[in-house]
Amino acid sequence: MTTESANRWSLVPIILLAIVVFPGRAQAGEGGSQAGNSGAAGPATPTAANKPGTTAQVKPHDDTFVIGPDDVLSISVWKEPDVSRVVPVRSDGKISLPLAGEVQAGGTTPRQLEKAIAAKLQSYISEPEVTVIVQQINSQKFNILGLVAKPGAYPLTNGATVLDAIALAGGFRDFAKQKSIYVLRQTPDGSQTRIPFNYKDVIKGKNVEQNIKLQPRDTVVIP
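It should be emphasised that the depicted structure is a prediction, and the values quoted were computed from it without experimental measurement.

**Q** Break down the sheet that holds strand β6 (residues 141-146) for me, citing the residues and quoting the values.
**A** Read across the open sheet, the 5 strands follow the order β7-β6-β10-β8-β9; overall the sheet is mixed. Because the sheet does not close on itself, it has two edges, and the strands there are β7 (152-155) and β9 (192-197). Averaged over all adjacent pairs, the angle separating strand axes in this sheet is 25°, with direction ignored. As paired strands, strand β8 (residues 181-186) and β9 are joined by 6 bridges and run antiparallel to one another. Bridge pairing in β9 places L184 opposite R194.

Put into structure tokens, the structure is as follows:
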């Protein structure tokens, strides 16, 4: 073998080493670059913090809002997806849940309902943790009927009065009997009481006590 041939063969291990080592580095660098780009783009799967969903009307564990018929409740039992669900409150004020069965929701606060559900689940689940959120408030409404521009049902805000109701409904239509307005209110025994409201007097500062605060399911009638 000549000296030139010997030199050529001596370069083979170096060439092979370069082929083996440098592509590995290139691939590792490329993978690192892709990982960096992926991180910059943000997580692919939404987390609980940014998951789209229905905005709750009443915060969890609330002890002031009173649940009523037609409200929609989101009931979550920790680590128990088969029991957790969204349920409407029936006209009798009750809801139905797996294991817990029939539970009285109407007339209670979310915190009180959490305790009631947890008590019913204790026979089946060890130390159940229950969260109740009111997703939709449908019980807190009043109705206004008769000769107004926009009769119908309206959400009841805190402190809304008869005058507020008339304003929300767009005011009177022609020939409305502004002295003969009345509010129909349900009593605890299921009957209705009729509360008079004389618009002409109230706006003049007379009998202002007639401008009462409305309650859920009140009906303002404009004859």
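**Q** Could you give an account of the sheet that holds strand β2 (residues 85-88), with specific residues and numbers?
**A** With antiparallel pairing, 3 strands are arranged side by side in an open sheet as β2-β1-β5. The open sheet has two edge strands, β2 and β5 (130-136), and neither has a second partner. For this sheet the average axis-to-axis angle between neighbouring strands, irrespective of direction, equals 25°. Sheet analysis places strand β1 (residues 72-77) next to β2, joined by 4 bridges and oriented antiparallel. Its bridge partner lying in β2, V72 is registered against P88. Along the sheet, helix α2 (residues 110-121) contacts β1 and β5; its crossing angle with β5, the most-contacted strand, is approximately 135°.

**Q** I'd like a rundown of the nonpolar core, residues and numbers included.
**A** Core analysis: the biggest nonpolar cluster contains 22 residues, and L73, I75, I95, L113 and I117 have the highest contact counts within it. Mapped onto this core, the elements with two or more residues apiece are β1, β3 (94-97), α2 and β5. If you tally residues by element for this core, the top one is α2, at 4 residues. Filtering out sequence-adjacent residues up to four positions away, I95 remains in contact with L73, I75, V87, P88, V89, R90, G101, E102, V103, A105, L113 and I117.

What counts as what
- As a convention, each chain's residues are numbered from 1 in the sequence order in which they are written.
- With pLDDT at 70 or above as the cut-off, local features in this predicted model cover only qualifying residues; side-chain atom pairs require 80 or more to be listed or tallied, and sums for whole chains, interfaces and linings still use all residues.
- Side-chain numbers here rest on the full set of heavy atoms in the structure, without hydrogens or water.
- For two strands to count as paired, DSSP must find a minimum of two bridges between them.
- A run of DSSP states H or I qualifies as a helix once it reaches four residues; a run of E qualifies as a strand once it reaches two. Both are numbered from the N-terminal end.
- To define axes, lines are fitted to C-alpha atoms, for helices over the stretch in contact only, and angles between the resulting N-to-C directions are given on a 0 to 180 degree scale.
- Should any heavy atoms of two residues lie within 4.5 Å, those residues are considered in contact.
- Take the buried residues of types Ala, Val, Leu, Ile, Met, Phe, Trp, Tyr and Cys, join any two whose side-chain atoms come within 4.5 Å, and each joined set is a nonpolar core.
- Only protein chains enter the accessibility calculation, which uses a 1.4 Å probe. A residue is then buried if its area is under 20% of the maximum for its type, exposed if over 50%, and partly exposed in between.

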